[in-house]
Amino acid sequence: LEGRKRMTVVALWVLVVALILLGLAGTVLPALPGPALVMGAIVLGAWIDDFTRVGVGTLVVIGLLALLAWALDYAAGLLGARKVGASRQALLGAVLGTVVGLFMGVVGVLFMPLVGAAAGEYLARQHQAQAGQRAMRVGVATWLGIMAGLLAKVVISFMMVGVFVVALWW
């Protein structure tokens, strides 16, 4: 019985590591909920250890970091677009570009929000002078915001793992 329990614990720790790696990949692949997977893996790791080394306080800190990563991921693109006065159509275009980009791989995910925001802004202002230039400026600003949010999500996810590892081994 003792050997079986040990194998189960080892299998669970392997699952924790796999979920953390999948979550870290999910910070750049939008089809995967990166910070949520990292958080789930950390909670599983804390549970395996009966919350002795990774307690509720640590989990609250990691949970707050996960919420921050999620909020920044969604807010950054909008902030970039709003900074240059993007229209509703540009914001909708960025969302649609992101959805279309999901089916195009990493390149689509990275650049389709720019294309969608630019197209939406152009459609909103096509009868105005220099609509094309404005559309590109809005597209680039939206893209820069999205990239800033992505970078923040990656950094925060690694911070979550770091807090977990320190709590686990401290």
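On a predicted model such as this, the values are computed, not experimentally measured, just so you know. (Residues numbered from 1 in each chain as written. Predicted model: local features only at pLDDT ≥ 70, side-chain atom pairs only at ≥ 80, totals over all residues. Heavy atoms only, no water.)

A word on the nonpolar core. The tendency in soluble globular proteins is for nonpolar side chains to be buried side by side. Counting residues in hydrophobic clusters, the biggest one holds 22 residues, and the most contacted among them are V16, I20, I42, V54, M160 and F164. Where this core is concerned, the elements lending two or more residues are α1 (2-26), α2 (34-48), α3 (56-83) and α6 (131-169). Per element, the largest residue contribution to this core is seven residues, and it comes from α2. In this view, I20 contacts V38, A41, V161 and F164; residues no more than four positions away in its chain are not counted. Counting residues in hydrophobic clusters, the runner-up holds five residues, among them A81, A90, L91 and V138. (Core = buried A, V, L, I, M, F, W, Y, C linked by side-chain atoms within 4.5 Å. Buried < 20%, exposed > 50% of the residue type's maximum accessible area, 1.4 Å probe, protein only. Helix = DSSP H or I, 4+ residues; strand = E, 2+ residues; numbered from the N terminus. Contact = heavy atoms within 4.5 Å.)

Inspection of the entire model under this criterion finds one aromatic pair. When the ring of F111 is compared with that of W143, the centres are 5.6 Å apart and the planes differ by 15 degrees; the resulting orientation is stacked. Note that F111 is positioned in helix α5 (residues 105-125) and W143 in helix α6, a separation of 32 residues in sequence. The class of F111 is partly exposed, set by a relative accessible area of 39%. Seen from the ring of W169, R53 lies directly overhead, with NZ or CZ sitting 5.8 Å from the centre. (Phe/Tyr/Trp six-rings, centres within 6.5 Å; stacked < 30°, edge-to-face > 60°. Lys NZ or Arg CZ within 6 Å of the ring centre and 35° of its normal.)

This part is about helix α4 (residues 88-102). The first and last C-alpha atoms of α4 sit 22 Å apart over 15 residues, in line with the 21 Å expected at 1.5 Å per residue. Considered for burial, the residues of α4 that qualify are A90, L91, G93, A94, G97 and G101. Relative to the axis of α4, the buried residues are bounded by an arc of 155 degrees and lie together on one face. Exposed side chains of α4 directed beyond 90 degrees from the buried face belong to R88, L92 and L96. (Expected span 1.5 Å × (residues − 1). Arc of directions from axis to C-beta.)

Next up on the list: the packing of α2 against α3. Interaxial distance between α2 and α3 falls to 9 Å at its minimum, and their mutual angle equals 170 degrees. Taken as axis vectors, α2 and α3 run roughly antiparallel relative to one another. Residues P35, M39, I42, V43 and A46 of α2 pack against L59, I62, G63, A66 and A69 of α3. Class assignment for the residues of the contact of α2 with α3 results in nine nonpolar, one polar and no charged. (Axes fitted to C-alpha atoms, helices over the stretch in contact; angles between N-to-C directions. Parallel < 35°, antiparallel > 145°, perpendicular 65-115°, else oblique. Nonpolar A, V, L, I, M, F, W, Y, C, P; charged D, E, K, R; others polar.)

It is worth spelling out the pattern of salt bridges at this point. Pairing between side chains of opposite charge can happen when the charged atoms of each approach one another. Using the criterion set out here, one finds four salt bridges in the structure. Between E121 and R125 there is a salt bridge, with its nearest N and O atoms 2.3 Å apart. Residue E121 and its partner R125 are both found in helix α5; the two are separated by four residues, about one turn of the helix. Taken as a pair, E121 and R125 share a single burial class, namely buried. Exposure remark for E121: the relative accessible area of 0% places this residue in the buried category. Via salt bridges that share partners, E121, R125 and R134 belong to a single interconnected network. (Salt bridge = Lys/Arg side-chain N within 4 Å of Asp/Glu carboxyl O.)

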